[in-house]
Amino acid sequence: MVEEDNKYNHQAIEPKWQKRWEESGLYWAEDNSHKPKFYCLIEFPYPSADGLHVGHPRSYTALDILARKRRMEGYNVLFPIGFDAFGLPTENYAIKVKKNPAEITKTNIDRFRRQLKSLGLSFDWSREVTTCDPEYYKWTQWIFLKLYEAGLVYQKELPINWCPSCKIGLANEEVVSGKCERCGTPVTKKNLKQWLFKITQYAQRLIDDLDKVDYLDKIKTQQINWISRSEGALIKFQISSTKSQINTKSQILNSKHSVEVFTTRPDTLFGATYLVLSPEHELIKNKELGIKNYDEVMEYIEKAKKKSDLERTDLAKEKTGVELKGIKAINPATKKEIPVWVADYVLTGYGTGAIMAVPAHDERDWEFAKKFNLPIIMTIAIDNASDNLTKEIFEFAKKISILADKKNKKFIFDGGFGLDIAYGKITRNHGDIDAQVEKDDLEFWKEYFVKEGFEIKKNPDERFELYIADNGKFHIDFGCYRGKFIKNSIKGTEFTAFSPKEILNFKKSECKRLGTKRLKDVHDFTLFNEMAYIGDGFLINSGIYDGLTSEEGIKQITKWLEKEKLGKPAVNYKLRDWVFSRQHYWGEPIPLIHCDKCGIVPVPEKVLPVTLPTVRNYEPTDTGESPLAAIKDWVNVQCPKCGGKAKRETDTMPNWAGSNWYFIRYTDPHSNQAFASSKKMKHWLPVDIYNGGMEHTTLHLLYSRFWYKALYDLKLVPGSEPYSKRVSHGMVLAEDGKKMSKSLGNVINPDDVVKEYGADTLRMYEMFMGPFSEAIPWDTKGIVGVRRFLDRVYRLGARGNEHGAMSTGPKAQDSGLKVLLNKTIKKVTEDIENFRFNTAVSALMVLVNEMEKQKQLPITHYQLLITLLSPFAPHLSEELWEKLGHKESIFKEKWPQYDPNLAKESEIEFVIQVNGKVRDRMQLPADISEKEAIKKAEQSEKIKKYLDRRQVVKKIFVKGKLLNIVVK
RNA sequence: GCCGGGGUGGCGGAAUUGGUAUACGCGACGGACUUAAAAUCCGUUGGGAGCAAUCCCUUAAGGGUUCAAGUCCCUUCUCCGGCACCA
């Protein structure tokens, strides 16, 4: 770009300052400082071959602004950067271009580093870490061993995603809707021994400790949902087989075989009419049982295994299963024999991998029982205790109807009372009556209801109350009760009943407030029709527990099970243990050795790291093993314990491993004594603010919190939570509103933007484009506006000597601008802290617009503007600061303070409303009293017009804002 | 299906948490400068009626609470994100 008078030359300015900042080490964090510390962290990038995405600067600039501001406020700031370099995309790319992933990574990182530096981010580059650097992953391996020694790692045979065509194990993210990402073949399962982390052991703490941290609510909820705790009971079902007939109670208790199930509904135990095992369940393998149709069962299991996840979890598909013939289970409550089935709708990974099926009260069991003709027993009824109340209401309604007829008034019930049947399911109980009356009759009805002892309330949610709206709508809420099916006819004086069948055919809206027949009938209807009742209620068909509420039933039955040693209360989490093995090359080798004699032996600390050897082929092998398995001289080692022949573990770690603890390493990145010195950790940790994408709020955030807690338990880190505060940025979408992707050809390259408009413009545009946490489409035209703004700031400083800001001309005493300046300082300061960068930028724009209108602009005012602008547009601000004659960097300046008294206007536009509508506005002192305001209002011609010949009912005065005159 | 978050001009979005709806920016239109264009500057810009002053309507739709609702409550529609046979 040619340098013009009215535009600044970003291509000259930006590299100049980047170089100076780097040379002076302006942004280096101090390990020993008396200043308060501030650790702000961005998720370090994965250096893909695509280079930097315009989404990266959004997150980085935001925290850069915060970091710069905090430095100016006197904090010792740690704002580090590194690279999350291990992982699949690089490996796949390496395979494609037949190059070493290490070389590719180096090239990519170099490019990323150059790109990041061109954005003028105030990273402390002296602390850069890279996860694939042996100096780094030495400590990843070390942490792994510490956690291994602590008993948090175990081995288990588990299915991996397997592409039968590529003969390759796939990561979950390579499976796209059940198919191999590369060739489109449906993915199946293959069992392999894998390393797992016992994250489930920390499930409860991972939930509980969320109270200690300041994460966005939606992040907390997502974590809680991911862990998903449910309370219930473990119940033991004895198994009888053809080989050992069991009939008596004592025999049942002594039976050799049993199946344990987890349920959240022990109150439905009496309705458990069969058991279902997952295909992977251990019991099936037990030959002693004498399953008669063993071959058939095995065939089913084999089929299930071949199914993809997609097929198995497809909700639309019909349920399948096979009965285990020749064996029965005993329902511990009824002591009756019930059949045992195997079906793949029962998952192996959750609970015990077996369930008690209660078809009457579980939709899936219902569906299964219907298909295979299994018995269904209702054990939950819905409360029918308040029949009397219902009757009362009924009578009352009749009375009103008769009265209405007599007096020739209208009273139309719309709605009934009883069960709430919504969305095709009986959900909960409800009872209210809506009614409509004629407006003219309203007074009559009001009077009547008051006479009847009703209190007329405004809030329709209060129970047992009458509510009458001015538009003639009634709402009588009688609280919860159950009753007969009733329905008003349109006339409002007749009631008709619905049949159960009718109810089933109701549409969503019609189902809202319907009565039902007596509850027993509801159950008959459920039984003979098409649904399970999954809600709470009262126990029936449950022996001595009949009549208890579900809640009470759960307690009592669990208590009894515990006493009889047939079960116990239990908590389950959906969270699974973390599979830590990858059968891939490009990851940290797991530092374990398999010795025939000694078993699993950890690699001794002293010889860490176990470095990744160079191999010829990076493709996973067709056995599903990592390519490392093929390197004989790497695999074969001496056992560190006995010196005998041993083999290395050939699986590598997932790319979560390095990113799990990088924020710790930043505190002491060059130590070869420890993963970080405890002194430095104590100084810097926890991270004060951590920003990243929403896509990492479950896995990455949870995994790293888990490791941190485990390390805390080993007294290796100073706290139990790694991040005090977590925020998230929204995605930058393409101009078409879609996700940017190479295949769609809608990718914006930040390099181009930096080249054409400059880094300051890019930074500011990304802050200005919209709320930080929302996804926002890119708008090339929008950038122009920001660049224009920066040029105007530039010109404002350079304009004519006489009145220009660059000169130390006369100090204008423009109090209007002074107020605006203070307001702007306040707004920008607060907005940065609250991550509302878009409005901070607009506040700066407003200030500049005002400044341009000034005839004289005192240099102090201009300097203030530049200081406020500096975190957003660091290069231009430095340049202008220097032009103003300053020798030191603007970032050594103090962040501006505002005077709260000056941040308010002394005179405001006061609004006068009549009946809530704005009728006049006038310039008045901000602290004007009510009396004064009323006086002014009464003088107004515009207002007079509205007050004329009307009665003033009320005057509402809001200080500093408005006056509302209510007239009749 | 469940959980979470939204819906405001032609577009991205503001609105001090119940108190002037549409800040700021983009775009569009008109004008100035220029031989011309770009750049820059100035003006207009939610919709409708009117020559005008002025008036009416407007925050997905409908209803409610309130002196006052984009904001609170109820109902409906709709979009986005996460989870999903989790017993």
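These numbers were taken from a predicted model, which means no experiment stands behind them.

Enquirer: Before we go on, may I ask you to explain the overall build of chain A in this structure?
Expert: Helix and strand counts for chain A stand at 31 helices and 37 strands. A buried classification covers 53% of the 968 residues belonging to chain A. The long-range fraction of contacts in chain A, counting pairs at least 24 apart against all pairs at least 6 apart in sequence, stands at 73%. Entry remark: accessible area of chain A is about 46,100 Å², with carbon and sulfur atoms responsible for 50%.

Enquirer: Help me understand the pattern of salt bridges in this model?
Expert: Two side chains carrying opposite charge are able to pair once their charged atoms lie near each other. Counted under the stated rule, the structure contains 45 salt bridges. Residues Lys319 and Glu367 are paired through a salt bridge, measuring 3.3 Å at the closest nitrogen-oxygen approach. Residue Lys319 is located in the loop between helix H11 (309–313) and strand E14 (322–330), and its partner Glu367 is located in helix H12 (residues 363–372); the two are separated by 48 residues in the primary sequence. Of the residues examined, Lys319 reaches a relative accessible area of 10% and is grouped as buried. Overall, Glu367 belongs to the partly exposed group, its relative accessible area being 32%. In this structure, Glu850 engages Lys853 in a salt bridge whose closest nitrogen and oxygen atoms are separated by 3.4 Å. In this pair, Glu850 and Lys853 both sit in helix H27 (residues 837–853), three residues apart, roughly one turn of the helix. Note on Glu850: relative accessible area 28%, which makes it partly exposed. Among the charged side chains, a salt-bridge network with shared partners connects Asp31, Asp124, Arg127, Asp668 and Lys680.

Enquirer: What is the right way to read the sheet that holds strand E29 (residues 645–648) from this model?
Expert: The pairing of strands in a sheet comes from backbone hydrogen bonds and takes either a parallel or an antiparallel form. The antiparallel open sheet is built from four strands, whose spatial order is E27-E26-E29-E28. Each edge of the sheet is formed by a strand with only one pairing partner; in this case those strands are strand E27 (599–602) and strand E28 (636–638). Neighbour-to-neighbour, the strand axes of this sheet turn through a mean angle of 40°, independent of strand direction. Direction of pairing for E28 relative to E29: antiparallel, over a ladder of three bridges. Bridge pairing in E29 links Val637 to Ala646.

Enquirer: Sorry, what's going on with the protein's contact with RNA strand B here?
Expert: In the vicinity of RNA strand B there are 57 residues, among which Thr264, Arg364, Lys574, Arg921 and Asn964 approach most closely. The protein-proximal atoms of RNA strand B, defined as those within 4 Å of the protein, are 63% sugar or phosphate. Met769 is positioned with one of its backbone polar atoms (N or O) 2.5 Å from a sugar or linking oxygen of RNA strand B. The separation between a phosphate oxygen of RNA strand B and a polar side-chain atom of Asn849 is 3.4 Å. Ranked by residue count, the leading element in the surface near RNA strand B is H27, at six residues. Here the residues of the surface near RNA strand B are counted per class, giving 21 nonpolar, 15 polar and 21 charged.

Enquirer: Any chance you could explain the sheet that holds strand E37 (residues 962–967) here in plain terms?
Expert: The strand order across the open sheet built from four strands is E35-E34-E37-E36, with neighbouring strands paired in mixed fashion. Either end of the sheet is taken by a strand with one partner, and the two such strands are strand E35 (917–925) and strand E36 (952–958). On average, adjacent strands in this sheet sit at an angle of 15° to one another, irrespective of strand direction. As judged from the six bridges shared by E36 and E37, these two strands associate in the antiparallel manner. From the neighbouring strand, Lys954 faces E37, where its bridge partner is Val966. Where helix H30 (residues 930–939) meets the sheet, its contacts fall on strand E34 (907–914), E35, E36 and E37, and the angle it forms with E36 comes to roughly 125°.

Enquirer: Teacher, can you tell me more about the UniProt feature "domain: Aminoacyl-tRNA synthetase class Ia" (unreviewed entry) in chain A here?
Expert: The residues that UniProt annotates with the feature "domain: Aminoacyl-tRNA synthetase class Ia" (unreviewed entry) are residues 575–774. Along residues 575–774, the helical share is 26% and the strand share 14%, with 28 Å between the first and last C-alpha atoms.

Enquirer: Whenever I open this one, the nonpolar core confuses me. Can you help?
Expert: Most often, soluble globular proteins keep nonpolar side chains buried together rather than apart. With 168 residues, the main nonpolar core has Ile664 and Trp778 as its most contacted residues. Ala233, Val346, Ala354 and Leu566 belong to the second largest nonpolar core, which has 53 residues in total.

Enquirer: Explain helix H4 (residues 101–117) to me, please; I cannot follow it from the model alone.
Expert: For an α-helix, 3.6 residues make a turn, and residues three or four places apart therefore share a direction. The first and last C-alpha atoms of H4 sit 24 Å apart over 17 residues, in line with the 24 Å expected at 1.5 Å per residue. Taken together, the buried positions of H4 are occupied by Pro101, Ile104, Thr105, Asn108, Ile109, Phe112, Gln115 and Leu116. Along the axis of H4, the buried residues cluster in a sector spanning 130°; they form a single face. H4 presents Lys106 and Thr107 as exposed residues on the side facing more than 90 degrees away from its buried surface. Between the side-chain oxygen of the N-cap and the backbone nitrogen of Ala102 there are 2.8 Å, and the N-cap of H4 in question is Asn100.

Enquirer: Honestly, helix H29 (residues 874–883) in this entry has me stumped. Any pointers?
Expert: The element H29 is largely enclosed, with a buried count of eight among its 10 residues. Looking at the packing, one finds that the buried side of H29 touches helix H1 (10–24), helix H2 (55–72), helix H24 (759–768), helix H25 (780–798) and helix H28 (859–869). Gly885 occupies a position one or two residues after H29 and carries a positive phi of about 100°.

Enquirer: I tried to follow the pairing of E34 on my own but got confused; where do I start?
Expert: Walk down a regular strand and you will see the side chains alternate between the two sheet faces. When you tally the buried positions in E34, you get six out of eight residues, the bulk of the element. By the bridge criterion, eight bridges tie E34 to E35 in an arrangement that is antiparallel. Bridged to Ile908 within E35 is Leu924. Between E34 and E35, which follow one another and run antiparallel, lie two residues, and Asn915 among them has a positive phi close to 50°. Here four bridges tie E34 to E37, and the two strands are oriented parallel to one another.

Enquirer: Just to check I follow, could you spell out the packing of aromatic side chains for this structure?
Expert: Where two aromatic rings form a pair, the distance of their centres and the angle of their planes describe that pair. Summed over all chains, the structure comprises 49 aromatic pairs. Aromatic side chains Tyr136 and Trp661 sit 4.6 Å apart centroid to centroid with 20° between the ring planes, which places their arrangement in the stacked category. Linking Tyr136 in helix H5 (residues 134–149) with Trp661 in the loop between helix H19 (656–659) and helix H20 (662–665), this pair joins segments that are 525 residues apart in sequence. Take Tyr136: its relative accessible area is 2%, and that puts it in the buried class. By the ring-pair criterion, three or more aromatic residues cluster together here, those being Phe144, Tyr148, Trp195, Phe197, Tyr202, Trp578, Phe580, Trp656, Tyr703, Phe706 and Trp707. The ring of Trp17 carries Arg20 above its face, with NZ or CZ at 4.5 Å from the centroid.

Enquirer: What should I look at first to understand the side chain of Ser581 in this one?
Expert: By the secondary structure assignment, Ser581 is in the loop between strand E25 (578–579) and strand E26 (592–595). A polar contact of 2.6 Å, which involves the side chain of Ser581, links it to the backbone nitrogen of Trp195. Only 3.4 Å separates the side chain of Ser581 from the side chain of Asp651, close enough to count as a polar contact.

Enquirer: What is the right way to look at the UniProt feature "binding site: ATP" (unreviewed entry) in chain A in this model?
Expert: Following the UniProt record, one finds the feature "binding site: ATP" (unreviewed entry) at Lys742. Position of Lys742 among the secondary structure elements: in the loop between strand E32 (732–733) and helix H23 (750–757). According to the relative accessible area criterion, Lys742 is exposed, its value standing at 65%. Setting aside residues up to four positions removed in sequence, Lys742 forms contacts with Asp50 and Val747. Here Asp50 takes part through its side chain, which lies 2.8 Å from a polar atom of the side chain of Lys742.

Enquirer: So what exactly am I meant to see when it comes to the pairing of strand E9 (residues 188–197) here?
Expert: Here strand E5 (residues 153–163) pairs with E9 via 10 bridges, running antiparallel. By the bridge assignment, Lys156 is partnered in E9 with Gln194. Bridging between E9 and E25 involves two bridges; their strand directions are antiparallel. In the strand pairing of E25, Leu196 is matched with Val579.

Enquirer: What should I look at first to understand the confidence of the model for chain A in this one?
Expert: Low pLDDT means the predicted atomic positions in that stretch should not be read closely. This prediction gives chain A a mean pLDDT of 81; 80% of its residues lie at or above 70. Taken element by element, chain A is modelled with least confidence in helix H16 (residues 519–528), mean pLDDT 31, and with most confidence in H20, mean pLDDT 98. Here residues 383–394 is a poorly scored stretch, pLDDT under 50, and it has 28 contacts once near neighbours within four places are set aside; other chains count. Per-residue pLDDT stays below 50 along residues 458–529; that stretch engages in 205 contacts with residues further than four places along the chain or on separate chains. Both scores are given for the predicted complex: the pTM is 0.83, the ipTM 0.95.

Cut-offs and rules
- Residues numbered from 1 in each chain as written.
- Chains lettered and ligands numbered in written order.
- Predicted model: local features only at pLDDT ≥ 70, side-chain atom pairs only at ≥ 80, totals over all residues.
- Heavy atoms only, no water.
- Helix = DSSP H or I, 4+ residues; strand = E, 2+ residues; numbered from the N terminus.
- Buried < 20%, exposed > 50% of the residue type's maximum accessible area, 1.4 Å probe, protein only.
- Contact = heavy atoms within 4.5 Å.
- Areas by Shrake-Rupley, 256 points an atom, 1.4 Å probe, with all protein chains shown as cover.
- Salt bridge = Lys/Arg side-chain N within 4 Å of Asp/Glu carboxyl O.
- Pairing = 2+ DSSP bridges.
- Axes fitted to C-alpha atoms, helices over the stretch in contact; angles between N-to-C directions.
- Near = heavy atom within 4 Å.
- Polar contact = N/O pair within 3.5 Å; in protein donor to acceptor, adjacent residues only side chain to side chain.
- Nonpolar A, V, L, I, M, F, W, Y, C, P; charged D, E, K, R; others polar.
- UniProt positions renumbered as here; feature names shortened; annotations may be inferred.
- Core = buried A, V, L, I, M, F, W, Y, C linked by side-chain atoms within 4.5 Å.
- Expected span 1.5 Å × (residues − 1).
- Arc of directions from axis to C-beta.
- Phe/Tyr/Trp six-rings, centres within 6.5 Å; stacked < 30°, edge-to-face > 60°.
- Lys NZ or Arg CZ within 6 Å of the ring centre and 35° of its normal.
- pLDDT = per-residue confidence, 0-100.

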